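Residue-level listing of the chains:
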Amino acid sequence: MSRYIATRAIRGSNALVMEAEVMLDRAIAEKGAETPVSFPNTAYYLPLIYAMTGQAVETLGGLRPVLEHARSLLHPIPSGKYWSPYLGETLDSGMATLLAAETIEAIRFVYGLQPEPMPGFNLAGGTSYGPNDPGGHLNGPIDDIQLRSWGIQLVDGRMPGFAAIVGAAKSNEVAVKIVRELQRRNILTFLSGNVNGRSIIHQLQEEGVELGYDTYTVPFGTDTLSAIYALGFAARSALTFGGLKAGQAREILLYNRERVFAFVLALGEVDDLKYAAAAGAINFGFPVIADTLIPEILPTGVTRYEHVVSMPFNQIEGKDDMERAEALVQKCIEVRGVKVKVANVPVPVPYGSAFEGEVVRKTDMRVEFGGKHSRCFEYLHMAPLDQVTDGKVEVVGPDFSQVPPQGSMDMGIVVKVAGRQMQEDFEPVLERQIHYFINGASGIQHIGQRDIAWIRISNAAAEKGFSLEHFGKILHARFHADFGAIVDKVQVTIYTEPALLAEWLAKARAAYDYRNKRLADLTDDKVDEFYSCTLCQSFAPNHVCVVSPERLGLCGAYNWLDCKASYNINPTGPNQPIKLGKPIDLVKGYWTGTNDYAKVGSHGQVQEVSMYSIMENPMTACGCFECIVMLIPEANGVMVVSREDTSMTPAGMTFSTLAGIAGGGLQTPGVMGVGKFYLISPKFISADGGFKRVVWMSSVLKETMAEELKAVAEREGDPDLIEKIADERHVSTVEELLAWMEEHNHPALVLDPMF
Ligand code: SF4
Ligand code: ZN
């Protein structure tokens, strides 16, 4: 244990707690103890404080006991002969620092200093500060909505972990290289801090790197304190997915050490405050890697690996700074033991899931396929092994060199796959991946699917030499990397020649129709096995999704066919067939097989699970549900809240607060997390009366699923049903809801009582 680090961390924590106390005194004097404090769109109050102390701080006055607690953790700055060889003092100091840092950030929100203004700055997706948010600021803390939507990627390994970068890199080029290396590995990156006023955020902004949720790089703020948001994110993930409760500090820290693969990368000079904050991160089991010369803490104990590693940038082996940057990132990954899968995709642009959300604006566009002015389709089908030449990519017809800038042309992408384990049912599962695979290329945007696909190539990508052939190269590499267990050979043909394109479009459409019919026929009573999904157990240890043809997983990412394919890819993986066995109650959806599985899969937490009821033994939830369905007893029906909806619901709670009730792997009658496509299934709470029970629904669902919902209304024999359902634009209390229902003659009024 380095005495040097302990001294500096203790000194830093003493100074920061003092500063927080002074700020709080002043804030209370100026604004009053009752002044509300909060972070945007979170149900976890000030999340780090809430998680670590159990205190739900809602006012400035509520911060007093927090700082008292922080002060009690402080140690005297070691001097003279005084010396203790234990890590404990450093860890205490670190925790005190985190509590003080979050206190200060909360006070900054009260003064309008957070999110940090940065004129002209545009977030590529970020925390929403309300409809009147003028922009021109950094992100500040991550909201619960984003935490949940990243959840599924964190659990299924697409996103192997997160990096909290604090400081500034040696040069702008090094800053870009570090971030690109992290993006390439799909590591979520949080940016904060500065060295002498210069932050990595400035560096990246100057180099035109897009920052925000969409690119997995979130700029918190240009000071060290904003790094606290990374730990607030980590603490919330334990509460959201791990089913842990606020105040279980030790368990939350252990959860992070075991399950959250994160590290801190300190760039540039490390001052007392950074030492103190680093000590805070070590509490979570997150190691700190510095690119300057500082004493190391190598023995493993609290972190799985080293606590503090020093890798002075100029001494890293490598011919140039780019290689050094790469080696630095490599070192971080090794130290934390982050498991990274990278497919080597031979394209002339950066490639990784971090680029999936990238938008190519019309003005940056070289050419597009599909959209308003042209047609683009994609079609994947299987063929016998001897009819597929692996790796062959053909472009049939002209390339886009003759298309004027910002022009468009027709294109069809036909993928032929073969494999001993391949089945026709997997065709749509694989075809849907084309969207993700193509989007992974920087400068390429892919929207839609089937014959409404829409692809844009940016000027930057075209200048780097990205051509039509590269679509094929990407698909070949990724299908092998991700689906190697079922796909042995992949051949891709890109059609732009009009006659052949038309011919293949017709074939593709025939296949889409065929699959639609197959899907419509694929009902729960036509199969004798459902599938389990335990993917989320890496985060929510007792949660199981039971996935049936008519009920997809609550994250919306896995339907029955996906699970079946996944089982074939990985027979010992998270998706196992559940033999239905004997039916017990087909209305509520009980079988001997599903009940038996529920007991085993939940490690005894759940005894029985009903597939079609929200009132009796409903399915549990982890934290990644797309929607929450909740009983409104007065209305004799349920409301459906989308995770994108931040408004108040008639239950008197926002989505974030409701999510705390719905998640954590427990059965709560009357509350259920679901995937949004379950809403349109004939089996949607069919034991409780089905879709007619929906009395309130977030407008975003009504808008984004308008067509599907219309079809449901027809099916239910009430074509105007959707208009009878209230939403947050008209109704936010139970009284308003009841009035609305009367006025619109909602069918739930005359259904049997729900309980
Ligand atoms: Fe998690 Fe359920 Fe989605 Fe599987 S289906 S990833 S368990 S939410
Ligand atoms: Zn989940």
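What counts as what
- Residues numbered from 1 in each chain as written.
- Chains lettered and ligands numbered in written order.
- Predicted model: local features only at pLDDT ≥ 70, side-chain atom pairs only at ≥ 80, totals over all residues.
- Heavy atoms only, no water.
- Helix = DSSP H or I, 4+ residues; strand = E, 2+ residues; numbered from the N terminus.
- Rg over C-alpha atoms; globule rule 2.2 N^0.38 Å.
- Buried < 20%, exposed > 50% of the residue type's maximum accessible area, 1.4 Å probe, protein only.
- Lys, Arg positive; Asp, Glu negative; His and termini not counted.
- Charge placed at Lys NZ, Arg CZ, Asp CG, Glu CD.
- Donors = N, O, S within 2.8 Å, 3.2 Å for Na, K, Ca; no water.
- Pairing = 2+ DSSP bridges.
- Axes fitted to C-alpha atoms, helices over the stretch in contact; angles between N-to-C directions.
- Contact = heavy atoms within 4.5 Å.
- Near = heavy atom within 4 Å.
- Nonpolar A, V, L, I, M, F, W, Y, C, P; charged D, E, K, R; others polar.
- Parallel < 35°, antiparallel > 145°, perpendicular 65-115°, else oblique.
- Left-handed = near helix turned anticlockwise from the far one by under 90°.
- Salt bridge = Lys/Arg side-chain N within 4 Å of Asp/Glu carboxyl O.
- Polar contact = N/O pair within 3.5 Å; in protein donor to acceptor, adjacent residues only side chain to side chain.
- Domains from an automatic or database assignment.
- Buried area = accessible area lost by both parts, 1.4 Å probe.
- Phe/Tyr/Trp six-rings, centres within 6.5 Å; stacked < 30°, edge-to-face > 60°.
- Lys NZ or Arg CZ within 6 Å of the ring centre and 35° of its normal.

Caption draft 1: Structural context of the overall build of the protein chain. A count of helices and strands for the protein chain gives 22 helices and 23 strands. At 27 Å, the protein chain has a C-alpha radius of gyration in line with the 27 Å of a compact globule built from 755 residues. When its C-alpha atoms are laid out on the principal axes, the protein chain stretches across 80 × 65 × 45 Å. Across the 755 residues in the protein chain, those meeting the buried criterion constitute 59%. Positive and negative charge centroids in the protein chain, built from 67 and 90 side chains respectively, lie 4 Å apart.

Caption draft 2: Quick look at the coordination of the zinc ion (ligand 2). Every protein donor of the zinc ion (ligand 2) is accounted for by Cys536 (SG), Cys622 (SG) and Cys624 (SG), and the metal-donor separations fall at 2.0 to 2.1 Å. Each donor residue of the zinc ion (ligand 2) lies on one chain, and together they are spaced C-x85-C-x1-C. Note that Cys536 is positioned in the loop between β15 (529–533) and β16 (545–547) and Cys624 in the loop between α17 (592–601) and β20 (627–632), a separation of 88 residues in sequence.

Caption draft 3: Local environment of the sheet that holds strand β13 (residues 454–458). Pairing within the open sheet is mixed, and its 4 strands lie in the order β10-β7-β13-β12. Unpaired on one side and paired on the other, β10 (407–408) and β12 (444–447) mark the two borders of the sheet. Pairing geometry for strand β7 (residues 365–369) and β13, over 4 bridges, is antiparallel. When the bridges of β13 are listed, Phe369 appears paired with Ile455.

Caption draft 4: Representation of the pairing of strand β21 (residues 637–642) within the structure. Within β21, 6 of the 6 residues are buried, leaving the element largely enclosed by the surrounding structure. Following β20, the chain reverses through 4 residues before pairing antiparallel with β21; Asn636 in that reversal takes a positive phi of roughly 55°.

Caption draft 5: Just the sheet that holds strand β17 (residues 577–579), in detail. As summarised here, the arrangement of the 3 strands in space is β16-β15-β17, forming an open sheet in which the pairing is antiparallel. The outermost strands of the open sheet, each flanked by one partner alone, are β16 and β17. The average angle at which neighbouring strand axes cross in this sheet is 40°, direction not considered. Strands β15, β16 and β17 of the sheet are contacted by helix α16 (residues 560–569), whose axis makes an angle of about 75° with β15. On the sheet, α17 packs against β15, β16 and β17 and is oriented at approximately 130° with respect to β17.

Caption draft 6: Main features of the site of ligand 1. All residues adjacent to ligand 1 are Ile152, Cys533, Leu535, Cys536, His543, Cys545, Gly553, Leu554, Cys555, Tyr558 and Cys622. A class-by-class count of the residues in the shell around ligand 1 yields 9 nonpolar, 2 polar and no charged.

Caption draft 7: Structural detail: the packing of helix α3 (residues 64–72) against helix α4 (residues 88–110). Contact geometry of α3 with α4 gives a least axis separation of 8 Å together with a crossing angle of 155°. Considered as vectors, α3 and α4 are oriented roughly antiparallel to each other. Between α3 and α4 lies a crossing of left-handed hand. Two secondary-structure elements touch here, α3 through Val66, Leu67, His69 and Ala70 and α4 through Ala96, Leu99, Ala100 and Thr103. Taken together, the residues of the contact of α3 with α4 sort by class into 6 nonpolar, 2 polar and no charged.

Caption draft 8: Structural context of the environment of Ala461. Mapped onto the secondary structure, Ala461 falls in helix α13 (residues 459–463). With a relative accessible area of 1%, Ala461 lands in the buried category. In contact with Ala461, other than residues within four places in its own chain, are Val349, Ser442, Gly443, Ile444 and Phe466.

Caption draft 9: Examining the pattern of salt bridges more closely. The full count for this structure, using the stated rule, is 36 salt bridges. The residue Lys319 makes a salt bridge to Glu323 at a minimum N-O spacing of 3.5 Å. Classification of Lys319 as exposed rests on a relative accessible area of 74%. On the basis of relative accessibility, which here comes to 29%, the residue Glu323 falls in the partly exposed class. One continuous salt-bridge network, built from bridges that share partners, spans Lys177, Glu181, Arg184, Arg185 and Glu326.

Caption draft 10: Molecular detail of the side chain of Thr222. Among the secondary structure elements, Thr222 is positioned in the loop between β3 (217–221) and α8 (228–240). Polar side-chain contacts of Thr222 include one of 2.5 Å to the side chain of Glu116. Every residue in contact with Thr222, bar those within four places of it in the chain, is listed here: Glu116, Met118, Leu138, Gly193, Asn194, Ser199, Ile201 and His202.

Caption draft 11: Quick peek at the side chain of His137. The residue His137 is located in the loop between α4 and α5 (144–156) in this model. A relative accessible area of 9% means that His137 is categorised as buried. Side chain to side chain, His137 and Asp133 meet in a polar contact 2.9 Å long.

Caption draft 12: Quick look at the domain arrangement of the protein chain. Domain boundaries assigned for the protein chain yield domain 1 (3–336), domain 2 (353–498) and domain 3 (524–750). The C-alpha centroid of domain 2 is placed 39 Å from the C-alpha centroid of domain 1. Taken together, the 7 residues of domain 1 in the interface contact 7 residues of domain 2. Looking only at domain 1, the three residues that lose the most surface to domain 2 are Glu210, Asp214 and Tyr216, adding up to 48% of its buried area. The interface formed by domain 1 and domain 2 holds 0 salt bridges in total. Scanning the region where domain 1 abuts domain 2 turns up 1 residue pair in polar contact (both at pLDDT 80 or more). Looking at side-chain class alone, the side of domain 1 that touches domain 2 contains 1 nonpolar, 3 polar and 3 charged residues.

Caption draft 13: Region of interest: the packing of aromatic side chains. Applying the stated criterion to the full structure yields 30 aromatic pairs. Judged by centre distance (5.3 Å) and plane angle (75°), the rings of Trp150 and Tyr213 are edge-to-face. With Trp150 in helix α5 and Tyr213 in the loop between α7 (200–206) and β3, this pair connects stretches of sequence that are 63 residues apart. For Tyr213, a relative accessible area of 6% gives the class buried. Ring geometry for Phe437 against Phe479: centres 5.1 Å apart, planes inclined by 75°, an arrangement best described as edge-to-face. Here Phe479 lies in helix α14 (residues 469–483) and Phe437 lies in helix α12 (residues 426–439), a separation of 42 residues in the sequence. Summarising the burial analysis for this pair, Phe437 and Phe479 share the class buried. The structure contains a cluster of three or more aromatic residues connected by ring pairs, namely Phe39, Phe109, Tyr129, Trp150, Phe162, Phe190, Tyr213, Phe220, Tyr229, Phe233, Phe284 and Phe286. For the cation-ring pair, Lys31 lies above Tyr111, with the distance from its terminal atom to the ring centre recorded as 4.8 Å. A cation sits over an aromatic face here: Lys507 above Trp504, 3.9 Å from the ring centre.

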